[in-house]
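# Structure assessment
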Amino acid sequence: MRISFCCPSMESQPWLEGLRAALPQAEVAPWASGAAPADYALVWAPPQQFFDEQPQLKAAFNIGAGVDALLPLRVPSKTVLARLEDAGMAVQMAEYVCHALIRHFREFDAYAEQMSLGQWQARAPHMRADWPVGIMGLGVLGKRVAKAVAAFEFPVLGWSRSQHAIEGVRCYAGQAQLDDFLSACKVLVCLLPLTPDTRDILNQRNLSRLQPGGYVINVARGAHVVDDDLLALLDSGHLAGATLDVFHTEPLPDAHPFWRHPKITLTPHISARTLRQETIAQIAAKILAFEHGQALSGIVDLQRGY
Ligand code: NDP
Ligand code: OXD
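Here's what I pulled together on the structure shown here. Here the residue numbering is sequential within each chain, running from 1 through the sequence in written order. The order in which chains are written sets their letters, starting at A; the order in which ligands are written sets their numbers, starting at 1. Note on the predicted model: pLDDT of at least 70 is required for a residue's local features to be given, and 80 or more for side-chain atom pairs to be given and counted; whole-chain, interface and lining totals, by contrast, use all residues. To get the side-chain values, take all heavy atoms of the structure and skip hydrogens and water.

## Section: the packing of aromatic side chains
When two rings of Phe, Tyr or Trp (its six-membered ring) have centres within 6.5 Å they constitute a pair, described as stacked for plane angles under 30 degrees, edge-to-face for angles over 60, and tilted for the intermediate range. Tallying each qualifying case throughout the model produces 10 aromatic pairs. Considering the side-chain rings of phenylalanine 105 and tryptophan 131, the 5.1 Å spacing of their centres and the 75° angle between planes classify their relative orientation as edge-to-face. Of this pair, phenylalanine 105 sits in helix H3 (residues 89-105) while tryptophan 131 sits in the loop between helix H4 (108-116) and strand E6 (133-136), and the two are 26 residues apart along the sequence. With respect to burial, phenylalanine 105 and tryptophan 131 carry one shared label: buried. Judged by centre distance (6.4 Å) and plane angle (25°), the rings of tryptophan 159 and phenylalanine 181 are stacked. Going along the chain from the N terminus, every DSSP run of H or I of four or more residues is numbered as a helix, and every run of E of two or more is numbered as a strand. Remark: exposure states derive from per-residue accessible area (1.4 Å probe, protein chains only) relative to the maximum for the residue type, with buried under 20%, exposed over 50%, and partly exposed in between.

## Brief notes about the pairing of strand E3 (residues 40-43)
The two faces of E3 match: Tyr40 and Leu42 on one face and Ala41 and Val43 on the other face are all buried. Pairs of strands are assigned from DSSP output, requiring at least two bridges between the strands. Relative to E3, strand E1 (residues 2-6) is paired through 4 bridges, and the arrangement is parallel. The partner of phenylalanine 5 across the bridge, within E3, is leucine 42. Taken together, the 4 bridges between E3 and strand E4 (residues 59-62) define a ladder with parallel strand orientation. Looking at E4, one finds that alanine 41 is bridged to alanine 60.

## Side note on the sheet that holds E1
Overall, parallel pairing links the 5 strands, which are arranged E2-E1-E3-E4-E5 in an open sheet. Looking at the sheet topology across the chains shown, the edges are occupied by strand E2 (27-30) and strand E5 (80-82). Averaged over all pairs of adjacent strands, the angle between their axes in this sheet comes to 20°, without regard to strand direction. Strands E1, E2 and E3 of the sheet are contacted by helix H1 (residues 13-22), whose axis makes an angle of about 170° with E2. Here an axis means a line fitted to C-alpha atoms, over the contact stretch when the element is a helix, while the angle between two N-to-C directions is reported on a 0 to 180 degree scale. In this description, contact between two residues means that some pair of their heavy atoms is separated by no more than 4.5 Å.

## Observations concerning the packing of H1 against helix H9 (residues 276-291)
Packing of H1 against H9 brings their axes to within 10 Å, and their N-to-C directions diverge by 45°. Taken as axis vectors, H1 and H9 run oblique relative to one another. Crossing of H1 against H9: the hand is right-handed. Between H1 and H9, the residues in contact are Pro14, Trp15, Gly18, Leu19 and Ala22 and Arg276, Thr279, Ile280 and Ala284, respectively. Gly counts as polar in this scheme, as do all residues outside two lists: the nonpolar Ala, Val, Leu, Ile, Met, Phe, Trp, Tyr, Cys and Pro, and the charged Asp, Glu, Lys and Arg. Class assignment for the residues of the contact of H1 with H9 results in 6 nonpolar, 2 polar and 1 charged. Each angle is binned into one of four classes, with values under 35 degrees roughly parallel, values over 145 roughly antiparallel, values of 65 to 115 roughly perpendicular, and all other values oblique. Here is the rule for handedness: rotate from the far helix to the near one, and if that takes an anticlockwise turn smaller than a right angle the crossing is left-handed, while a clockwise turn gives right-handed.

## What about the site of ligand 2?
Around ligand 2, the neighbouring residues are Trp44, Gly64, Ala65, Gly66, Met89, Arg221, His269 and Ala272. One nitrogen or oxygen atom from the side chain of histidine 269 is found 2.7 Å from an oxygen atom belonging to ligand 2. Per-residue and other accessible areas were derived by the Shrake-Rupley procedure at a 1.4 Å probe size, with only the shown protein chains allowed to occlude residues. In isolation ligand 2 offers 210 Å² of accessible surface; the protein chains occlude 86% of this area. Looking at the shell around ligand 2, its residues break down into 4 nonpolar, 3 polar and 1 charged. The criterion for a residue being near a molecule or strand is simple. One of its heavy atoms has to lie within 4 Å of it. Any pair of nitrogen or oxygen atoms within 3.5 Å is treated as a polar contact; in protein, a donor-acceptor pairing is required on top of that, and neighbouring residues in sequence qualify only through side-chain atoms on both sides.

## Concerning the environment of phenylalanine 105
Accessibility expressed as a relative area gives 4% for phenylalanine 105, which makes it buried. Taking the C-alpha atoms as reference, phenylalanine 105 lies 9.7 Å from tyrosine 215; in sequence the two are 110 residues apart. Excluding its chain neighbours within four sequence positions, the residues that come into contact with phenylalanine 105 are His126, Met127, Arg128, Trp131 and Phe154.

Spelled out as structure tokens, the structure:
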């Protein structure tokens, strides 16, 4: 069996070594134009040329959860496309979102400022009941985040495409229930895939439906946000702040106003990193399952966009 590694932005050597150790029977090679066609591939933002040169590819494994970079590509019709399911990302997402939420809720930035000024002064506590946290996207990551937020006893709401029933989470579904969901939230966490339906979803219309003093945590994709709309709502005071991990252009350009906005906290797309060992273990197990004719989970539906 031949496995190709086509992740142009990543250092390939440790991945090749890990794959060879996990699947010693396989011939594992980095993809280069003109290389022999592969049976399986690990991909992250591959060029179209990669798929054009793969007439016999049985399955391609995206080494991330989000497949938006694959959506514009022509993938051979017989190739199964699978994305990463958790593989150590869900707990990272849970800790990132809880950190951002609690940092804001408990006013840790204000305390840091006070401490730097030598001021010993307690601030009035907020009531958790007044801070409903809404999670857009109740998939592998959204569900894990919902559970973590609920453990801190915040009211938790969730919104997805199809209806879910999750203990401790008030679940909403579909466009018809979006406004009811948004108006019931003070904090909004975005964990949607980027698809034609979800692009620009964090816009003036939707963000202005959050409760006054709302807070936005975007850990999905930068193109979910209409940047100017977010800035306007922060400047008007309707939104109290935002923590953003993902951006339209990454790295975020030096001149972008998000860098210097006093109500925005930024991180460089690190809320949930792809962990090599867990990822290789998950994909190696799926390749073996596929070889034995078993059904795979995490299959991407290109029509649906995730
Ligand atoms: P899943 O596919 O497991 O979950 C996606 C969720 O979004 C599902 O609940 C789905 O609904 C919902 N959804 C999709 N389209 C719509 C829509 N039009 N309206 C309402 N709900 C919708 O994905 P993951 O949880 O694994 O990952 C989510 C995203 O997180 C990734 O696509 C990626 O962009 C981002 N991500 C970011 C990382 C980072 O470091 N910043 C790291 C990893 C992922 P339903 O349940 O009904 O299908
Ligand atoms: C992912 C990511 O989609 O890292 O996995 O953004």
